[in-house]
Every structure is written in C-alpha cells, then in structure tokens.
Amino acid sequence: MAYPKNYLMHSPICTRTRSRKRVADGLDNSHQDSYRPCIITRQRRASRNKAINHDRKLDSGEVYSYLEKLWLSFPEDKKSSFAHLDPLWYTLYSENSNKEKVLNWIKKKDVFSRKYVVFPIVQWGHWSLLIFCHFGESLGSKLKTPCILLLDSLEMADHSKQVEPVIRKFVLDIYRNLERKEETSQLRKIPFLVPKVPQQRDNRGCGIFVLYYIKLFVENAPESFSISDGYPYFMKKDWFSYEGLDEFCRTLDSFK
C-alpha cells in the first residue's frame, strides 16, 4: 500500500517522517528523523539507551515496527482469531483525501472474520488501544456481543467522550464500505466501553502501555464474552504488575 508522500507523524516532543521506502510500499519498518533538531536517529538513540524505558515516547513508525515484531511472536492458533491494523491508519483516516484508501486497506484485512481486531490509535499526541470485538456477529447476539473497547493508560477528563464520536463514525464507514446490511440506527448502538485498566505513571509511556495491552489481550482473550456478564476477567486496574511491564520493555529491546 502507498502512503501519501512526506506524511508527517506527530508527537508532543517532535515531529518525524517515515522513510520514502516505508511511505512507498508500506512494508519497511524503518523511518527517517528529519524535521526538528531535537531528534536523534534510532541508531544513536539505541546506543545512548541500552534498554527501553516505559516512560519513552514512541512515534507511529516505532509502534508499527514493534507491533509487527510482537505479532510474529504470537502462536498461530492465537493469531487466527485476531487481526491488527496499522497505527498510522487512524490518523490518515482523519484526512478526507485519504479516508477511502484507509477503508479499502481495512477491507482487505477481512476484519469481520476475526473475533477481535486490535488497533493502536494516537489522538492529540496520546496513544490508546481500540479493540473491535465480534464485529462479524449479529448485533443482537447475547453470547458474542459486538462492541468497541477503548483501553486508555492515561484517563484524561472527557478523553473517551471526545474520541467516541470520531471512532463511531469510523466504525460506520467500515461497515458501509464492506456493504454490510446493518441499519445505521443499529450500528450507532454498538456499545462503546472504556474498562478501568492499569495507568501509566508519567506523561510519555502511552505507546509502551498500548503494546503491552495488545500482548496480554491476545494471550488471554476468551473465545467470546458477553458485556452483560462484564468485561473479560483480566480487564481491571490490577490487570498486570509494573514488574511485568519492565520485563516486557526488555522484550521489546530484544526486537531491535
């Protein structure tokens, strides 16, 4: 797939561009840092920091790269129930000129054949995790309830309320682009849920938390769950320990 040339990825600290090769074919994991003097290259950064700290800010290229490598580490029987979407797609979708391209890329992922679709998104410089659950099931199902989960490691005031309308419009467009038969009025009633999950202790570690949410969700997600019975048992404030997060950071470091 081809991304728009010179597309910029934003973070609160600096702005980065993906390499031309990554932009051209959407396959290479590398990116070039070329916008502001505060930026250091990945090679220099790696030599300066021997291990990844979970207070480190990740840009879209880094989240994409780590996600792809993390995905390869999952067993095939787990991956068969999941799909994952490129972290850059949500940002591209917000631009009208790229919306149709993004929806067609998602169409090729066949998301309605998977139980769960994990999708890291960045809004206002903050990473959170979208999980589309049971989108291939009937909207009236009691055993496999279609729903949208938003996992946020930095529960900001009204954040979920601010992103919900955009996410719901995004979901509507996905259904319409796939020519599904569900009525718009039904789709607007898909539950949008924000579980209370472990929170970051700084203002920079959201990307690491999103990747760890993905790892643990893929490893522990049930075959199905009904929202009438509550969230899956593990989706609580004490879902994981910070010691486990530290170990995960060392695992990410091994992906370099």
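*Asks:* Whenever I open this one, the side chain of Asp173 confuses me. Can you help?
*Replies:* By the secondary structure assignment, Asp173 is in helix H7 (residues 159–177). For Asp173, the side chain forms a polar contact with the side chain of Tyr93, separated by 2.5 Å. Within the local environment of Asp173, its side chain forms a polar contact with the side chain of Lys169, the two groups lying 2.8 Å apart. Ignoring sequence-local partners within four residues, the contact set of Asp173 consists of Tyr93, Lys99 and Leu103.

*Asks:* What am I meant to see in helix H10 (residues 242–254) here?
*Replies:* Within an α-helix, residues lying three or four positions from one another point in the same direction, as the helix has 3.6 residues per turn. Here H10 spans 19 Å end to end across 13 residues, near enough to the 18 Å set by a 1.5 Å rise per residue. All of the buried residues along H10 are Tyr242, Leu245, Phe248, Cys249 and Leu252. All buried residues of H10 project into a common sector of 105° when viewed along the axis, lining one side. Away from its buried face by more than 90 degrees, H10 exposes Glu243 and Ser254. The inward-facing, buried residues of H10 contact helix H3 (60–72) and helix H9 (206–220).

*Asks:* When you look at the sheet that holds strand E8 (residues 192–193) in this model, what are you seeing that I'm missing?
*Replies:* Remark on secondary structure: sheet strands pair via backbone hydrogen bonds, oriented parallel or antiparallel. Pairing is mixed across the open sheet formed by five strands, whose spatial order is E4-E5-E6-E7-E8. Looking along the sheet, the strands with just one partner apiece sit at the ends: strand E4 (82–84) and E8. In this structure, strand E7 (residues 147–151) lies alongside E8, joined through two bridges in parallel fashion. Directly across from Leu149, in E8, lies its bridge partner Leu193. Packed onto the sheet, H3 meets E4, strand E5 (116–123) and strand E6 (126–133) and runs at close to 155° relative to E4. Each of E5, E6, E7 and E8 touches H7; the most contacted strand, E6, lies at about 45° to it.

*Asks:* In this structure, what is going on with the pattern of salt bridges? I would like to understand it.
*Replies:* Two side chains that carry opposite charge are able to pair once their charged atoms sit near each other. Tallying each qualifying case throughout the model produces seven salt bridges. Across the pair Glu182 and Arg180 runs a salt bridge, and its minimum N-O distance is 3.1 Å. Among the ionic pairs, Glu247 bridges to Arg250, the shortest N-O distance being 2.8 Å. With a gap of three residues between them, Glu247 and Arg250 both fall in helix H10, about one helical turn apart.

*Asks:* In this structure, what is going on with unusual backbone geometry? I would like to understand it.
*Replies:* Most peptide bonds take the trans configuration, and most residues that are not glycine carry a negative phi. Its identity is not glycine, yet Trp124 carries a phi of approximately 55°, on the positive side. Looking at where Trp124 falls in the secondary structure, it is placed in the loop between E5 and E6. In this structure Trp124 comes out as exposed when scored by relative accessible area, which is 55%. Backbone geometry places His134, a non-glycine residue, at a positive phi of 55°. Among the structural elements, His134 can be located in the loop between E6 and E7. Among the residues examined, His134 registers a relative accessible area of 2% and is labelled buried.

Rules behind the numbers
- Residues numbered from 1 in each chain as written.
- Predicted model: local features only at pLDDT ≥ 70, side-chain atom pairs only at ≥ 80, totals over all residues.
- Heavy atoms only, no water.
- Helix = DSSP H or I, 4+ residues; strand = E, 2+ residues; numbered from the N terminus.
- Polar contact = N/O pair within 3.5 Å; in protein donor to acceptor, adjacent residues only side chain to side chain.
- Contact = heavy atoms within 4.5 Å.
- Expected span 1.5 Å × (residues − 1).
- Buried < 20%, exposed > 50% of the residue type's maximum accessible area, 1.4 Å probe, protein only.
- Arc of directions from axis to C-beta.
- Pairing = 2+ DSSP bridges.
- Axes fitted to C-alpha atoms, helices over the stretch in contact; angles between N-to-C directions.
- Salt bridge = Lys/Arg side-chain N within 4 Å of Asp/Glu carboxyl O.

Interpretation note: all reported values are geometric properties and have no functional meaning in isolation.
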